[in-house]
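For reference, the chains in residue letters:
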Amino acid sequence: MSADDSAEVRITPRYMLLLLVSIPVFAWLYYLVGSTFFASPLSLEEYVVFSTLVAIVVTGCYQLFFWVQRNNYVFKTRCFEIPLDNRIPFWPSWVWIYSFLYYIAIGFVVASIQTITEGVYLIFGAVMLLLAQVAFFYVLPSTVPPDYRRYEVNSLSTRFLKFVQGKDNGRNCMPSMHCSVAMYVSMALFPAIGNAAWIFAGLIAVSCLLVKQHQLADILPGLGLGWLVWTLAPTL
């Protein structure tokens, strides 16, 4: 078994059981947040239906992402480091923003929908974004300098960062998928929370640099791709 195969999240009976158990729990959370903060008219039953759809789509999308990770060796892997990247400090505690804030904000998008139809359109746009990302990762595989991943694992933050890095092959840096999803999510949340939505995109972009998962050259293309897909994808 290769390192890439071991990092892949496989669809096992245990995974499916966890998925089935977690769907009603997350649906209930989305219902509470949606009705409390976004005045969503959706019922708990409708959140269960939509959460089930989200879980299935996310599971399928991750399989495509991991397929590309196993197969993006056809073209030369590039590194887009510039001298300014060396001035950016390594700050591993930002991994908690890089990972957890990322998924919390996506959850807020799910909670904020006003109709299931609106949610389906958002999912369609997200799938389009993923397809664009994996096309880049396959045709233009890119990485960070090897020394970015050489650090002493001596804290909870560095241990968790090492765990996160174990889930990818390091050849999917440009454009930053964290940044493209963050921009897409920010634009989805903007009608509900206004300019506060841009804080999320900014924090994710900064965290990408401070945990050394990305270089400066990865950030703007990621943000731009998220904006482009949101602009072009059909919406209500």
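In this text, all values refer to a predicted model and were calculated from it rather than measured experimentally.

Asker: Explain the overall build of the chain to me, please; I cannot follow it from the model alone.
Answerer: In terms of helices and strands, the chain carries 9 helices and 2 strands. Going from N to C terminus, the chain has its helices and strands arranged as α-α-α-β-α-α-β-α-α-α-α. The C-alpha atoms of the chain give 18 Å as radius of gyration, which agrees with the globular expectation for 236 residues (18 Å, within 12%). With respect to the three principal axes, the spread of C-alpha positions in the chain is 50 × 40 × 35 Å.

Asker: So what exactly am I meant to see when it comes to the packing of helix α7 (residues 177-193) against helix α9 (residues 216-232) here?
Answerer: For any two helices packed against each other, the geometry is given by the interaxial angle and the distance between the axes. Taken N-terminus to C-terminus, the directions of α7 and α9 make an angle of 40°; their axes are 7 Å apart at the nearest point. Taken together, the axis directions place α7 and α9 in an arrangement best described as oblique. Note on packing geometry: the crossing formed by α7 with α9 is right-handed. Across the interface between the two elements, Cys179, Ser180, Met183, Tyr184, Met187 and Ala188 of α7 pack against Ile219, Gly222, Leu223, Leu225, Gly226, Trp227, Val229 and Trp230 of α9.

Asker: What am I meant to see in the pattern of salt bridges here?
Answerer: Pairing is possible between side chains that carry opposite charge, provided their charged atoms lie close to one another. Under the definition given, this model contains 1 salt bridge. Its salt-bridge partner being Arg149, residue Asp168 comes within 3.0 Å of it at the nearest N-O pair. Of this pair, Asp168 sits in the loop between α6 (156-165) and α7 while Arg149 sits in the loop between β2 (142-143) and α6, placing them 19 residues apart in sequence. The exposure class assigned to Arg149 is partly exposed, which follows from its relative accessible area of 25%.

Asker: Mind showing me how you'd approach a nonpolar patch on the surface here?
Answerer: A cluster of nonpolar side chains, contributed by Val25, Phe26, Trp28, Leu29, Leu32, Leu44 and Val48, occupies part of the molecular surface with about 570 Å² of accessible area. When residues of the nonpolar patch are traced back to their parent elements, those giving at least two are α2 (13-37) and α3 (44-71). Per-element tally for the nonpolar patch: the top contributor is α2, with 5 residues. Looking at the element boundaries, Trp28 is found in helix α2.

Asker: Explain helix α4 (residues 95-112) here, please?
Answerer: Given 3.6 residues to a turn, an α-helix orients residues that are three or four positions apart in the same direction. Along its 18 residues, α4 runs 26 Å from first to last C-alpha, staying within 8% of the 26 Å computed at 1.5 Å per residue. When the local axis directions of α4 are compared, the greatest deviation, roughly 30°, occurs at Leu101. For α4, the full list of buried residues reads Val95, Tyr98, Ser99, Tyr102, Ala105, Gly107, Val109, Val110, Ala111 and Ser112. Against α2, α3, α5 (116-139), α6, α7 and α8 (196-210) lie the buried residues of α4.

Parameters and conventions
Per chain, the residues get numbers from 1 upward, laid out in the order the sequence is written. Owing to the predicted nature of the model, reporting of local features is limited to residues with pLDDT of at least 70; listing and counting of side-chain atom pairs is limited to 80 or more, with chain, interface and lining totals taken over all residues. With hydrogens and water stripped out, all remaining heavy atoms of the structure feed into the side-chain values. Helical segments are the DSSP runs of H or I of at least four residues, strand segments are the runs of E of at least two, and each set is numbered from the N terminus. Note that the radius of gyration is over C-alpha atoms, with the globule rule given as 2.2 Å times the number of residues to the power 0.38. The angle between two axes is taken between their N-to-C directions and runs from 0 to 180 degrees, where each axis is a line fitted to C-alpha atoms and a helix contributes only its stretch in contact. In these notes the angle categories are as follows: under 35 degrees is roughly parallel, over 145 is roughly antiparallel, 65 to 115 is roughly perpendicular, and the rest is oblique. A clockwise turn of the near helix away from the far one marks a right-handed crossing, whereas an anticlockwise turn of less than a right angle marks a left-handed crossing. Working rule for contacts: check all heavy atoms of both residues, and any pair within 4.5 Å makes them a contact. By convention in these notes, a salt bridge is any Lys or Arg side-chain nitrogen within 4 Å of a carboxyl oxygen on Asp or Glu. The cut-offs for exposure are 20% and 50% of the maximum accessible area for each residue type, with area from a 1.4 Å probe on protein chains only; residues under the lower value are buried, those over the upper are exposed, and the others partly exposed. Patches in this entry comprise residues that are over 30% relatively accessible and not in a salt bridge; like charges within 9 Å are linked, as are nonpolar side chains (Val, Leu, Ile, Met, Phe, Trp, Tyr) within 5 Å. Each accessible area is a Shrake-Rupley estimate made with a 1.4 Å probe; only the visible protein chains count as cover when residues are assessed. Multiply 1.5 Å by the residue count of a helix minus one, and that product is the helix's expected span. The bend at a residue is defined as the angle formed between two axes, one fitted to the seven residues ending at that residue and one fitted to the seven starting there.

Take it as geometry only, folks, not as evidence of what the structure does.
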